[in-house]
Amino acid sequence: MRAVLKELNGKYKFEYFLFLGMNIINTCIETSNVFLEGMLINSLVYKADRTSFIRNIVVIIALNIIRLFLSFFINKIQILKFRKINIEVNDTIIKKLYSKDTLEVLKLDPIQTADRITEDTNEILNFLFQTVNQITSIVISSIIIFIYIIKAKSHFFLLVMILLPAYIILYLFLKPKIFKINLELRRIYNEYFSGFAEWLNRYVEIKGNKREEMESKRWTKTKASLLNITRRDFFLNLGMSTGEIVLQLIFQLILFINGGLAVISGSMTIGAFSVLFQYFNQLLGQVDEIFSILFNFESFRVAYMRIDQLMSIPNEVDGEIVIPKVESIQVHNFNISLDARKTLFSKKLTCSFNNSGLYVVRGRNGIGKSTFLRTIIGLYTPAKKGTILINNIDIDLINKKKLREDNISCLFQDTILPHCLVREYLDMYVNESNENCISEDQYFQKVFSSSQFNIKKVLDKKMTELSTGEIQLVKLYSAILKKKAHCFLLDEPLANIYPELQSDLLSLLKKIAQTNLVIIISHDLGIEEKAKNIRIR
Ligand SMILES: Nc1ncnc2c1ncn2[C@@H]1O[C@H](COP(=O)(O)OP(=O)(O)OP(=O)(O)O)[C@@H](O)[C@H]1O
């Protein structure tokens, strides 16, 4: 998190300090206003002096016009800049997560993590933009108020010093409890939100089997904890606000009686009494604020810690050698351990893939076919035995990020689809000008522009509205047309595809494999004779 904030500091330092400076001026004006109002009352009651009355009004108006200007800039930074920075920080964190070890990141619940990141960055920035501002305001206005009280009536200062600790004790007693409950509340709410989102994410599966009630019950415990903690939160807050109101009432009564008697005896002006009264209330409000600041500080600390925890996931390990083209992949005595206790394959794998050629990786469910391909391209970096060489270079030395970006195109079997139109999806990943000569091929036309399936006809549909086979074909279309790719790793490309189209697709893949390396994972039986077989056992 420190690195992210350092980046921001470099970029927004000037605006931030300008913002704090404006806030300090604003607080000075705000606090002096109360004093000027008192003077205004005195000029009316005691002097009946038109000139000093008008002078005070003019000063008050002038100061408030300045405040108007300041408030424009303060709000602009506090609202507009805040949101811009907030989006920037969220983006930076997600991008950093993308450079972490994939297997570690996959252990996280994505919805809960996304919720946590947005909540935590909001908390951290709120502290920097609101709370730091609040602290400077409190310090500045307290100094002004204390100077005034000591100069005006020192025994009132004594009164303030006796009454404030009573208020503080109430806070010390209840606020830590409220804070603890709030943290717990946030944790449970994260969990609840994640369950809720999952419930909607699995809409078809749950509705199709009429499992709404079962799903609802699955989260019963979380919902009950949420309500339970909210109840405790309610009682603590009720205690807090009742205590506050009662104490405030007592303080005001004491101040009214003391100040009122001083005004009657003539030892204090009405203006001074009004200023004292308002300042006293302001001080009580500030105690309240100080505790909310302490509370915010704790939330800031927790949010900072949680982001740091996320950022402490080990970085993806990558090599440095950039290779322009995958010519060959040699696998020797290879095995993978996803956990320390056992290896995936029962027999070490030795095989080779040469560019060009069509290869099919086969093996029983769960043997590790997808994991193997993901390891070749450095997407997964599990503990492994044996070697994989690309162009005779150990994969650990190769810059695999660059390889994935420029050389390799992948089709994955994940089911989470983006919420966008097919046109938008393809615009992102396929540029018309990127389309290579393969799009002119007869089999390409048969698969993507025929009466069986026509990509143009689905362009204005939402990705989530497509059939499973259509989704597969759209994903294949974007994988095959990836710019500059000359190595294709396709996980179950034939899955969910109509048999007639399957044979055209296979012919298309064979055509692509005449000049590229195409590795597919497939359970289809007919494919064995059409490609070189790699069997994992
Ligand atoms: N991210 C992960 N974290 C932990 N274990 C994983 C992860 N991904 C896969 N595995 C485990 O690795 C094993 C191999 O999975 P993989 O998906 O590679 O198998 P597969 O041969 O492609 O299977 P299938 O033919 O069923 O698709 C499985 O036992 C799976 O549980």
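Residues numbered from 1 in each chain as written. Predicted model: local features only at pLDDT ≥ 70, side-chain atom pairs only at ≥ 80, totals over all residues. Heavy atoms only, no water.

Draft legend 1. Molecular detail of empty space enclosed by the protein. Counted according to the given criterion, the structure contains two cavities of 30 Å³ or more. As for the largest cavity, its lining consists of Ser370, Leu373, Arg374, Ile377, Cys410, Leu411, Phe412, Leu489, Leu490, Asp491 and Ile521. For the lining of the largest cavity, the per-class residue count stands at eight nonpolar, one polar and two charged. Quantified by volume, the second largest cavity comes out at close to 40 Å³. Surrounding the second largest cavity, Tyr192, Gly195, Phe196, Trp199, Trp219 and Lys223 form its lining. In terms of residues, the lining of the second largest cavity owes the most to one element, helix α5 (residues 154-201), which gives four residues. (1 Å grid on protein atoms, 1.4 Å probe; cavity = no way out; pocket = protein on both sides within 12 Å on 5 of 7 lines; lining within 4 Å. Points joined across faces, edges and corners; volume = space filled by probe spheres on them. Nonpolar A, V, L, I, M, F, W, Y, C, P; charged D, E, K, R; others polar. Helix = DSSP H or I, 4+ residues; strand = E, 2+ residues; numbered from the N terminus.)

Draft legend 2. Fine view of the packing of aromatic side chains. This structure, assessed with the given rule, holds 27 aromatic pairs. Residues Tyr16 and Phe129 carry aromatic rings whose centres are separated by 5.7 Å and whose planes lie at 75° to one another, so their mutual orientation is edge-to-face. Remark: Phe129 occurs in helix α4 (residues 110-152) and Tyr16 occurs in helix α1 (residues 2-47); sequence separation between them is 113 residues. Here Tyr16 matches Phe129 in class, with each residue buried. When the centroid spacing of 5.8 Å and the interplanar angle of 50° are considered together, the rings of Phe300 and Tyr304 count as tilted. Highlighted residues: Phe300 and Tyr304, both in helix α9 (residues 270-311), separated by four residues, approximately one helical turn. In this pair, the class of Phe300 matches that of Tyr304, namely buried. Through pairs of rings, three or more aromatic residues link up here, namely Tyr16, Phe17, Phe19, Phe82 and Phe129. Over the ring of Phe173 we find Lys177; its NZ or CZ atom is 4.3 Å from the centre of that ring. (Phe/Tyr/Trp six-rings, centres within 6.5 Å; stacked < 30°, edge-to-face > 60°. Buried < 20%, exposed > 50% of the residue type's maximum accessible area, 1.4 Å probe, protein only. Lys NZ or Arg CZ within 6 Å of the ring centre and 35° of its normal.)

Draft legend 3. Representation of the packing of helix α12 (residues 422-429) against helix α15 (residues 468-480). The N-to-C vectors of α12 and α15 enclose an angle of 20°; their axes lie 9 Å apart at closest approach. With respect to α15, the axis of α12 lies roughly parallel. The interaxial crossing formed by α12 with α15 has right-handed handedness. Note on element contacts: α15 touches α12 through Val474, Lys475, Tyr477 and Ser478, opposite Val422, Tyr425, Leu426 and Tyr429. Taken together, the residues that form the contact of α12 with α15 break down as six nonpolar, one polar and one charged. (Axes fitted to C-alpha atoms, helices over the stretch in contact; angles between N-to-C directions. Parallel < 35°, antiparallel > 145°, perpendicular 65-115°, else oblique. Left-handed = near helix turned anticlockwise from the far one by under 90°. Contact = heavy atoms within 4.5 Å.)

Draft legend 4. α15, seen in detail. Between its first and last C-alpha, α15 extends 18 Å over 13 residues, near the 18 Å set by a 1.5 Å rise per residue. With respect to burial, α15 is a largely interior element, 12 of its 13 residues being buried. Considered for burial, the residues of α15 that qualify are Gly469, Glu470, Ile471, Gln472, Leu473, Val474, Lys475, Leu476, Tyr477, Ser478, Ala479 and Ile480. The elements touched by buried residues of α15 are β6 (408-411), α12, α13 (442-448), α14 (455-458), β7 (487-491) and α16 (499-512). (Expected span 1.5 Å × (residues − 1).)

Draft legend 5. Broad picture of the nonpolar core. The biggest cluster of nonpolar side chains holds 43 residues, and the ones touching the most others in it are Leu426, Phe448, Val474, Leu490 and Leu508. When residues in this core are grouped by element, the largest group, seven residues, is from α15. With sequence-adjacent residues up to four places away left out, Phe448 is seen in contact with Phe453, Asn454, Ile455, Leu473, Leu476, Tyr477, Ile480 and Leu508. Counting residues in each nonpolar core, the second largest holds 37 residues, with Val34, Ile149, Tyr279 and Leu284 among its members. (Core = buried A, V, L, I, M, F, W, Y, C linked by side-chain atoms within 4.5 Å.)

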